[in-house]
Number of protein chains: 2
Amino acid sequence: MKINTIRDLAATIRGRRLDLSLSQAELARTASVSREWVSEFESGKSTAEIGLVIRVIEALGLRIELTEYEDVPDSSALDLDSILQEYREK
Amino acid sequence: MKINTIRDLAATIRGRRLDLSLSQAELARTASVSREWVSEFESGKSTAEIGLVIRVIEALGLRIELTEYEDVPDSSALDLDSILQEYREK
DNA sequence: GATAGATGTGACCGTACGCTTACAACTGTA
DNA sequence: TACAGTTGTAAGCGTACGGTCACATCTATC
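Everything numeric here is computed off the predicted structure, so don't read it as measured data. (Residues numbered from 1 in each chain as written. Chains lettered and ligands numbered in written order. Predicted model: local features only at pLDDT ≥ 70, side-chain atom pairs only at ≥ 80, totals over all residues. Heavy atoms only, no water.)

J.: Where do I start with the overall build of chain A in this structure?
T.: Across its full length, chain A carries five helices and two strands. For chain A, the proportion of its 90 residues judged to be buried stands at 46%. Excluding contacts between residues fewer than 6 apart, the proportion of contacts in chain A whose partners are at least 24 apart in sequence is 47%. Accessible surface, chain A as shown: approximately 5000 Å² in total, 49% of it carbon and sulfur. (Helix = DSSP H or I, 4+ residues; strand = E, 2+ residues; numbered from the N terminus. Buried < 20%, exposed > 50% of the residue type's maximum accessible area, 1.4 Å probe, protein only. Contact = heavy atoms within 4.5 Å. Areas by Shrake-Rupley, 256 points an atom, 1.4 Å probe, with all protein chains shown as cover.)

Put into structure tokens, the structure is as follows:
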């Protein structure tokens, strides 16, 4: 599942939790976070701490991957230039 | 790049930044975070806010993916059971 | 040697985290 | 109709976030 925004991340985690038929309380207990935190995070809380997010992801049997962003599969060489261009502008 | 811990995430982001020959200050400016924050995050700060982390990842031309965790490629069906087992143990 | 850039670290401060407790709304189920 | 479970919020609190300055260290390049 490709994640572009915090809402994507929140929705993916909620979807996975429901796929496993888990309550927020069950997930929270396994990930050692509060149930309230799970509720707010699933609503898209962008200020959540990355450490807790990782614990929840792990508790759901998911893994994070970081890949190079590619909109169009056949222009990988140009993408890096477009990224650097953004830095070089002044 | 598979991410299992915060240190993995930090190292991957630092590696990507260096691959692009960017300074912490350049990355910070593009991602709208402080240079000091980049320094501390690259050291593995687990309390960093997910919103800032996502901004930095995007600024580096990277994308997050969430996939099902699979240790052994040929036992995908059993993995889900092992996950649920952890929840069902009282 | 001197200067500039990159990086790590510390102090200070306004703000908000995450946890706990509590309550309300909703859904099934006995 | 009760009862239990799930979920969303809100208040209160201890703590630490992230930004800003400031300083020290370490390279390069002049």
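After that view of the structure, there is still more to cover.
J.: How do you make sense of the protein's contact with DNA strand C when you look at a structure like this?
T.: Neighbouring DNA strand C are 17 residues, the closest being A:Ser34, A:Thr47, A:Glu49, B:Arg14 and B:Gln24. Atoms of DNA strand C within 4 Å of the protein belong to the sugar or the phosphate in 70% of instances, the rest to bases. For DNA strand C, a phosphate oxygen lies 3.0 Å from a polar atom in the side chain of B:Arg17. Within the side chain of B:Ser39, a nitrogen or oxygen atom sits 2.9 Å from a phosphate oxygen of DNA strand C. Among the secondary structure elements, those contributing two or more residues to the surface near DNA strand C are helix 3 (35–42) of chain A together with helix 1 (6–19) and helix 3 (35–42) of chain B. Residues belonging to the surface near DNA strand C are distributed by class as follows: four nonpolar, five polar and eight charged. (Near = heavy atom within 4 Å. Polar contact = N/O pair within 3.5 Å; in protein donor to acceptor, adjacent residues only side chain to side chain. Nonpolar A, V, L, I, M, F, W, Y, C, P; charged D, E, K, R; others polar.)

J.: How should I be thinking about the sheet that holds strand 2 (residues 62–68) of chain B in this particular structure?
T.: Within a sheet, each strand pairs with its neighbour through backbone hydrogen bonds, oriented either parallel or antiparallel. With antiparallel pairing, four strands are arranged side by side in an open sheet as 1(A)-2(B)-2(A)-1(B). In the strand order of this sheet, the two ends are held by strand 1 (2–3) of chain A together with strand 1 (2–3) of chain B, each with one partner. Summarising the sheet, strand 2 (residues 62–68) of chain A and strand 1 of chain B pair through two bridges and their orientation is antiparallel. Each residue of the ladder has a partner; that of A:Ile64, found in strand 1 of chain B, is B:Ile3. The strands touched by helix 4 (residues 50–59) of chain B are strand 2 of chain A together with strand 2 of chain B; relative to strand 2 of chain B, the strand with the most contacts, the crossing angle is about 115°. (Pairing = 2+ DSSP bridges. Axes fitted to C-alpha atoms, helices over the stretch in contact; angles between N-to-C directions.)

J.: Mind showing me how you'd approach the relation of the copies chain B and chain A here?
T.: The operation relating the pair of chain copies consists of a rotation about an axis and a translation along that axis. After a rotation of 180° and a shift along the axis of 0.0 Å, chain B superposes on chain A with an RMSD of 0.0 Å. Between the two chains, the operation in question is that of a two-fold axis. Counting the interface residues of chain B, we find that 100% of their copies in chain A are interface residues as well, pointing to one common contact surface. (Least-squares fit on C-alpha atoms with pLDDT ≥ 70 in both.)

J.: Would you explain the interface of chain B and chain A in this entry?
T.: Note: interface size is frequently given as the accessible area lost on complex formation between the parts. With 46 residues of chain B in contact, the opposing surface of chain A contributes 46 residues. Taking both partners together, chain B and chain A bury about 4400 Å²; carbon and sulfur atoms supply 57% of that area. On the surface where chain B and chain A come into contact, there are four salt bridges. The partner of A:Arg16 in a salt bridge is B:Glu68, and the shortest N-O contact between them spans 3.7 Å. The tally of links between chain B and chain A comes to 13 residue pairs in polar contact (both at pLDDT 80 or more). For the side of chain B that touches chain A, the elements supplying multiple residues, two or more each, are strand 1, helix 1, helix 2 (24–31), helix 4, strand 2 and helix 5 (76–88) of chain B. The biggest single contributor to the side of chain B that touches chain A is strand 2 of chain B, with seven residues. Classifying every residue of the side of chain B that touches chain A by side-chain character gives 23 nonpolar, 10 polar and 13 charged. (Buried area = accessible area lost by both parts, 1.4 Å probe. Salt bridge = Lys/Arg side-chain N within 4 Å of Asp/Glu carboxyl O.)

J.: Sorry if this is basic, but what is going on with the protein's contact with DNA strand D here?
T.: Near DNA strand D you find 17 residues, and of these A:Arg14, A:Gln24, B:Ser34, B:Thr47 and B:Glu49 are the closest. Among atoms of DNA strand D positioned within 4 Å of the protein, sugar and phosphate together represent 71%. One of the side-chain nitrogen or oxygen atoms of A:Ser39 is found 2.9 Å away from a phosphate oxygen of DNA strand D. Between DNA strand D and B:Glu36, the relevant distance is 3.0 Å, taken from a base nitrogen to a side-chain nitrogen or oxygen of the residue.

J.: For this particular structure, what's the right way to read the side chain of A:Arg63?
T.: By the element assignment, A:Arg63 lies in strand 2. With a relative accessible area of 11%, A:Arg63 lands in the buried category. At 3.3 Å, the side chain of A:Arg63 and the side chain of B:Asn4 are in polar contact.

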